[in-house]
Amino acid sequence: SRPFTEVALFSVSSYACQRRTTLDNHNSNLTDALSLLAENAELSNEDGRGVAFRRAAALLKALPTQVISMSQLRGLPCLGEHSLRVIKDVLENGVSSEVESTKQSKRYKALKILTGIFGVGAKTADRWIREGIYNLEQLRDSGQTLNRAQKAGLEHYDDLNEPVTKAEADAIGEIVQKAVNSVLPGSEVALTGGFRRGKLTGHDVDFLITHPEEGKEVGLMPKVVAWLESQKTTRNSYLESKDGPARPASNMDRFERCFSIFKLTKRKEQETASHKIWRAVRVDLVVSPISQFAFAVLGWTGSKLFERELRRWAGHEKNMSLSSHALFDNTQNKYLRATSEEEIFAYLGLEYIPPSERNA
Ligand code: DCP
Ligand code: MG
C-alpha cells in the first residue's frame, strides 16, 4: 500500500482519515456528480462501486482549489477509471451524461422516493419496484403491509424529507437532555453525526448518551423513550435491534440504539400556512457505557466515509481492529483503552483530525 502519493500540483494522502476535509468544497460540481452515482450504486446493492465513487468524491473534497483540467489529477490516489471518466465529462461538458441518464431513469427516481420513507431500505424498495410500485400513491394503493416505522414514515413523509436545521437540532438536544436527566441524573448527552462536524443541516439529529459511572447506563434507553412518550414530545418512536437473524451484527450495532421520530413544536415564525404547529424530525439515540464512550463518539461523528477509512487504515496499515466500541491491536493481542478521540488517533499513528475536518 502507498499511504502517501506525491504529484505535481496536489499532494494528497490516500486515506480520507489522513486528510483534513472541511465543509468548504471547491469541487462540488464534480463531487455532486460522483455522489449521485455512489448513491445509485448503494441503492442498487453495489457497495463496491458505491465506495469507489465515495472515495473519489472525498478526494476531490479535500483539494484546496477547483479542478479545471484533467492534467491536475494525474497521479492522485482514489480516482478509478470510471470516476475519471465522469470527472472528464463534467469538466468538458458541464454535466456527466451518466449522471443525467441516472437522474432521469425510472428506477433511480423510484428508489429515491421509496427509500425516502423512514424504515424503507434499498432491499424493500427494490422488491416494491419489481412489483410495479414506483411512487407513494402506488404504494398506498398496493395494499402492501407496512411495519410501524414505515407507516410513520409515510405519514410524515414531507416533514422527514425536509432537512433538519441546527436550531432544530439544538431544540431537540434540550429535550433529550431533559429526558435523560429525568430518568438518570448525572447522565451526559453528546451531539454526534453531521451537526458535530459543523454541518448546518442534516437528515436527522444524532445523540450519544452515557453516564460517568460504568454500568449505570444499562437499561437507560427504554426509560428515556418511555419518558419522551409520556411527555408527548415523541411520536411513533420505536426501538429497532439490527442484530436479528436477517441482518448479521456489524460493528455499528451493539449499542442500544433508538431510531425515533420526534414531534418538534415549531417556533411562531416557522409556522406555515397549514397552521401546523409542530413537525416530525428523525432522531437517533445511542447509549454507550463510559468505558467505550471515546470510541462511540469517534464512531458516530462520521462522516460515513471517514469512519470507513479509519477502519480500513486500522486494519491494513496498523493490524488493528477499530469499532465504535473498542480498538484491538492484533499484533499485541490486546485492547487499547482510550478516554478521548485524541488518544485513539495517536494509537492509530494518525495526526488528530477535529470533527469539523472529518467531512470526507
Ligand atoms: N455511521 C457509520 N456507519 C453507518 C451508520 C452511521 O459510520 N452505517 C456513523 C457515521 C455517521 C453517523 O454515524 O456520520 C451518523 O449517521 P447519519 O446517517 O446520521 O450521518 P450524518 O449525521 O453524517 O449525516 P446527516 O447529516 O445526513 O444526518
Ligand atoms: Mg445524522
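Counting from 1, residues in each chain are numbered in the order their sequence is written. Naming scheme: in the order in which they are written, chains are lettered from A and ligands are numbered from 1. For this predicted model, a pLDDT threshold of at least 70 governs which residues receive local features, and a threshold of 80 or more governs which side-chain atom pairs are given and counted, while totals over whole chains, interfaces and linings are taken from all residues. Only hydrogens and water are set aside when side-chain values are computed; all heavy atoms of the structure are taken into account.

Glancing now at the domain arrangement of the protein chain. Where a domain begins and ends is set by an automatic assignment or by a domain database. According to the domain assignment, the protein chain consists of domain 1 (4-102), domain 2 (106-155), domain 3 (164-292) and domain 4 (294-357). The contact definition used throughout considers only heavy atoms, calling two residues in contact when any of these lie within 4.5 Å. With 15 residues of domain 3 at the contact, the number on the domain 4 side is 18 residues. One speaks of a salt bridge when a side-chain nitrogen belonging to Lys or Arg is within 4 Å of a carboxyl oxygen belonging to Asp or Glu. Counting across the domain 3 and domain 4 interface gives one salt bridge. Linking E341 and R196 is a salt bridge whose minimum nitrogen-to-oxygen distance equals 2.9 Å. Put simply, DSSP marks the helices as runs of H or I at least four residues long and the strands as runs of E at least two long, and each gets a number from the N terminus on. Sorting elements by how many residues they give to the side of domain 3 that touches domain 4 places helix α11 (residues 193-196) first, with three residues. Here the nonpolar group is Ala, Val, Leu, Ile, Met, Phe, Trp, Tyr, Cys and Pro; Asp, Glu, Lys and Arg are the charged ones; every other residue, Gly included, is treated as polar. For the side of domain 3 that touches domain 4, the class distribution of residues is four nonpolar, seven polar and four charged.

Further remarks concern the packing of aromatic side chains. Between the rings of Phe, Tyr and Trp (Trp by its six-membered ring), a pair exists once the centres lie within 6.5 Å; its type follows the angle of the planes, with under 30 degrees stacked, over 60 edge-to-face, and the other angles tilted. Tallied over the full model, the rule gives four aromatic pairs. Geometrically, the ring pair formed by Y15 and W313 is edge-to-face, given 5.1 Å between the ring centres and 90° between the ring planes. On the criterion of sequence distance, the pair formed by Y15 in the loop between β2 (12-13) and α1 (28-43) and W313 in helix α14 (residues 304-318) is long-range, its members being 298 residues apart. The same class applies to Y15 as to W313, namely buried. Note on exposure labels: buried denotes an accessible area under 20% of the residue type's maximum, exposed denotes more than 50%, and partly exposed covers the range between, all computed with a 1.4 Å probe on protein chains only.

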